[in-house]
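In case you want the letters, here they are:
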Amino acid sequence: MKHTIQRPQVPHVGASRPVVAPIYPSVVYASDDPDMLDAQYEGRTPGFTYAREGHPNADALARRIDVMERTLDGLVLGSGMAAVAAVLLGLTKAGDHVIGGNQLYGRSLRMMNEDLPRLGIETSLADPTDVAAFEAALKPNTRLALIEVVSNPTLRVADVEGIAKLCRDRGILLVVDNTFTTPAAIRPLELGADIVLHSVTKLLAGHSDVTLGWVGANDQDLMDKIRVFAVTTGMTPSPQECWLAERGLATFDLRFERAQATAEALAAYLSVQKGVKRVLYPTRADHPDAMRAQGLLRGYGCNMVSFEIEGGRAAANAFVRAADGVAFAPTLGDVGTTLSHPASSSHRALSPDARADLGISEGFFRVSVGLEDPKALTATFEAGLKAARAVK
Ligand SMILES: *Cc1c(COP(=O)(O)O)cnc(C)c1O
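Given the structure is predicted, the values throughout are model-derived calculations rather than measurements.

## With respect to the pattern of salt bridges
Then, number 1: This structure, assessed with the given rule, holds 21 salt bridges.
Then, number 2: In this structure, Glu-308 and Arg-278 form a salt bridge, with 2.8 Å as the shortest nitrogen-oxygen distance. Pair noted here: Glu-308 is in strand β9 (residues 304-309) and Arg-278 is in strand β8 (residues 276-280), with a separation of 30 residues, a long-range link.
Then, number 3: Salt bridges sharing partners connect three or more residues here, namely Arg-63, Asp-66, Asp-73 and Arg-227.

## Some words on the sheet that holds strand β3 (residues 122-126)
Then, number 1: Across the sheet, 7 strands lie side by side as β1-β7-β6-β5-β4-β2-β3; this open sheet has mixed pairing. Two strands close off the open sheet at either side, each with one partner strand: β1 (73-77) and β3. Shown here is a sheet whose adjacent strand axes are inclined to one another by a mean of 20°, direction ignored.
Then, number 2: Where strand β4 (residues 142-148) lies against strand β5 (residues 173-177), 5 bridges are found, and the strand directions are parallel. Bridging from a neighbouring strand, Leu-146 pairs with Val-175 of β5.
Then, number 3: Lying over the sheet, helix α3 (residues 80-90) contacts β1, β2 (97-101), β4, β5, β6 (195-199) and β7 (213-217), oriented at roughly 155° with respect to β6.
Then, number 4: Packed onto the sheet, helix α4 (residues 106-118) meets β2, β3 and β4 and runs at close to 155° relative to β3.

## Considerations on the side chain of Thr-182
Then, number 1: Along the chain, the position of Thr-182 falls in helix α7 (residues 182-185).
Then, number 2: Looking at Thr-182, the relative accessible area reads 0%, which means it is buried.

## Regarding the packing of aromatic side chains
Then, number 1: All chains considered together, the criterion is met by 8 aromatic pairs.
Then, number 2: A ring pair is formed by Phe-307 and Phe-319, whose centres lie 5.7 Å apart and whose planes are at 65°; its orientation type is edge-to-face. With a gap of 12 residues between them, Phe-307 in strand β9 and Phe-319 in helix α12 (residues 313-322) connect regions that are remote in the sequence. Taken individually, Phe-307 and Phe-319 each receive the classification buried, so the pair is uniform in this respect.

## Some thoughts on the pairing of β1
Then, number 1: Within β1, 5 of the 5 residues are buried, which leaves it mostly tucked inside the rest of the structure.
Then, number 2: By the alternation rule, side chains of β1 split into Asp-73, Leu-75 and Leu-77 and Gly-74 and Val-76, which are all buried.
Then, number 3: Summarising the sheet, β1 and β7 pair through 5 bridges and their orientation is antiparallel. Residue Leu-77 lies in a different strand from β7, and its bridge partner there is Gly-213.

## Here we look at a nonpolar patch on the surface
Then, number 1: A surface patch of nonpolar side chains, amounting to about 260 Å² of accessible area, comprises Val-27, Val-28 and Tyr-50.
Then, number 2: Along the chain, Tyr-50 turns up in the loop between α1 (34-41) and α2 (56-69).

## Looking at the layout of surface pockets
Then, number 1: Looking at the largest pocket, its volume works out to about 990 Å³.
Then, number 2: What lines the largest pocket is a set of 42 residues, among which Leu-104, Tyr-105, Gly-106, Arg-107 and Ser-346 lie closest to the centre.
Then, number 3: Put simply, the parts of the chain that give the lining of the largest pocket at least two residues each are α3, α4, β6 and α13 (352-358).
Then, number 4: In terms of residue class, the lining of the largest pocket is made up of 15 nonpolar, 19 polar and 8 charged.

## What about the sheet that holds strand β11 (residues 338-340)?
Then, number 1: A sheet is described by the order of its strands in space; here 5 strands give the open sequence β8-β9-β12-β11-β10, paired in mixed fashion. Unpaired on one side and paired on the other, β8 and β10 (327-328) mark the two borders of the sheet.
Then, number 2: Pairing geometry for β9 and strand β12 (residues 364-368), over 5 bridges, is antiparallel. Counted as the bridge partner of Glu-308 is Phe-364 from β12.
Then, number 3: Packed on one face of the sheet, α12 meets β9, β10, β11 and β12 and runs near 135° to β9.

## Focus: a positive patch on the surface
Then, number 1: On the surface, Lys-274, Lys-386, Arg-389 and Lys-392 cluster together into a positively charged patch.
Then, number 2: With respect to the helices and strands, the residue Lys-274 is situated in the loop between α10 (252-271) and β8.

## Describing the site of the ligand
Then, number 1: Neighbouring residues of the ligand: 13 residues in total, closest Gly-80, Asp-177, Ser-199, Thr-201 and Lys-202.
Then, number 2: Separating an oxygen atom of the ligand from a side-chain N or O atom of Thr-201 is a distance of 2.6 Å.
Then, number 3: Within the complex, the protein chains bury 92% of what would otherwise be the 380 Å² of accessible surface of the ligand.
Then, number 4: If you map the ligand onto the pockets, it falls in the largest pocket.
Then, number 5: Residue classes in the shell around the ligand are distributed as 5 nonpolar, 5 polar and 3 charged.

## Description of the pairing of β12
Side-chain direction in a regular strand flips from residue to residue, so the side chains alternate between the two faces of the sheet.
Then, number 1: For β12, the tally of buried residues reaches 5 of 5 residues, placing the bulk of the element in the interior.
Then, number 2: In β12, alternate side chains face the same way, and those of Phe-364, Arg-366 and Ser-368 on one face and Phe-365 and Val-367 on the other are all buried.

## Considerations on α1
Then, number 1: Two to three positions downstream of the cap, the backbone nitrogen of Asp-35 sits 3.2 Å from a side-chain oxygen, assigning the N-cap of α1 to Asp-33.
Then, number 2: Directly after α1, the chain includes Gly-43, whose backbone phi takes a positive value near 75°.

## Looking at empty space enclosed by the protein
Then, number 1: Under the counting rule described, the total for this entry stands at 2 cavities of 30 Å³ or more.
Then, number 2: Taken as a whole, the largest cavity encloses approximately 80 Å³ of empty space.
Then, number 3: Lining the largest cavity, in full, are Gly-101, Asn-102, Gln-103, Leu-104, Asp-127, Pro-128, Thr-129, Glu-148, Val-149, Ser-151, Arg-156 and Ala-158.
Then, number 4: Among the residues forming the lining of the largest cavity, the class breakdown is 4 nonpolar, 5 polar and 3 charged.
Then, number 5: What the second largest cavity holds in volume is close to 50 Å³.
Then, number 6: What lines the second largest cavity is Leu-203, Arg-255, Ala-259, Asn-303, Gly-333, Asp-334, Val-335, Val-369, Gly-370 and Leu-371.
Then, number 7: Looking at side-chain class alone, the lining of the second largest cavity contains 5 nonpolar, 3 polar and 2 charged residues.

About the criteria used
Residues numbered from 1 in each chain as written. Predicted model: local features only at pLDDT ≥ 70, side-chain atom pairs only at ≥ 80, totals over all residues. Heavy atoms only, no water. Salt bridge = Lys/Arg side-chain N within 4 Å of Asp/Glu carboxyl O. Helix = DSSP H or I, 4+ residues; strand = E, 2+ residues; numbered from the N terminus. Pairing = 2+ DSSP bridges. Axes fitted to C-alpha atoms, helices over the stretch in contact; angles between N-to-C directions. Contact = heavy atoms within 4.5 Å. Buried < 20%, exposed > 50% of the residue type's maximum accessible area, 1.4 Å probe, protein only. Phe/Tyr/Trp six-rings, centres within 6.5 Å; stacked < 30°, edge-to-face > 60°. Patch = residues over 30% accessible without salt bridge, like charges linked within 9 Å, V, L, I, M, F, W, Y side chains within 5 Å. Areas by Shrake-Rupley, 256 points an atom, 1.4 Å probe, with all protein chains shown as cover. 1 Å grid on protein atoms, 1.4 Å probe; cavity = no way out; pocket = protein on both sides within 12 Å on 5 of 7 lines; lining within 4 Å. Points joined across faces, edges and corners; volume = space filled by probe spheres on them. Nonpolar A, V, L, I, M, F, W, Y, C, P; charged D, E, K, R; others polar. Lys, Arg positive; Asp, Glu negative; His and termini not counted. Charge placed at Lys NZ, Arg CZ, Asp CG, Glu CD. Near = heavy atom within 4 Å. Polar contact = N/O pair within 3.5 Å; in protein donor to acceptor, adjacent residues only side chain to side chain. Sits in = over half its atoms within 2 Å of the grid points.

Okay, here's the thing in structure tokens:
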């Protein structure tokens, strides 16, 4: 990835100019006269009018992510879910059908299952690792498909190329949530997707101190529709958060490489420990989608590792308490490693049977690997496993 650090073009302050971009908290922007305002609104002159419509910090951040995903245009929004909502609601109407991957992010699933149907938009879910299953769930009125590249928490890898071809053939817009994989591993538009989106909150910003989203496409007409809907419904990001995310992006390449390498090593370590029933990591030979991951993700596996320990909830409690060197927190992509327990967090709303179908037991954990010293990290897991094994 060639994501070079570009110094922003910042105006002079006296004889010199700052090397760090300023934050523009201003909500309103004064224009010279009504003719100038006309020119701005008609896009003949760049300029801002009102922060909900756009502001310099959001633009600067959007342009950086546009470069990473190589999109013609992109928009930063107040959260990853704002990006999902702007696409799903900005591009569909009552009577349309939307298809989604069956292991989407929890709130995206909720939008598919509750909010779209409430507005008269039909939805179905299908397995995105299986193009035939996906095709079987299409309808004559299917307008849009939403998938993630790597699923949470079982880390299944979608057949992005197969689904892109299917959607192209059937005239369906394909939207890919690239949050887990990032443009360092895959650029979905290059594989035939129409729209790509991110929870910038996660790996791109990387420090768990901002909540932001981004959506981009190569089709200006699609982006205009998404932008108008986002501005109308107030999905605007804050200038301060955009500034922080831009700073986070400066180290994205380094963080990404380091977290991947440690995740791979952690998966290898866990796979030979007593009391560990199984380890899920997309590039491992025993992963069901290993071949696809190799071809699709440029050799990367992602910074997430899932694993299952023996014993029920008591062993899981003991593991988390003893592995206190990592935060037990249901997020991902932070500089610090975080541990999540799907049965009590992201997947708690499912019945035990539905969880069992996905392979999520009380002993199932997902790790988002951060930037710690790999040896210190394994020591933390060792302490957790030892405590879990001691539970009878
Ligand atoms: C976190 C996440 C979202 C939602 O992003 P927020 O910034 O929390 O609103 C959407 N998709 C995926 C895959 C995520 O991990």
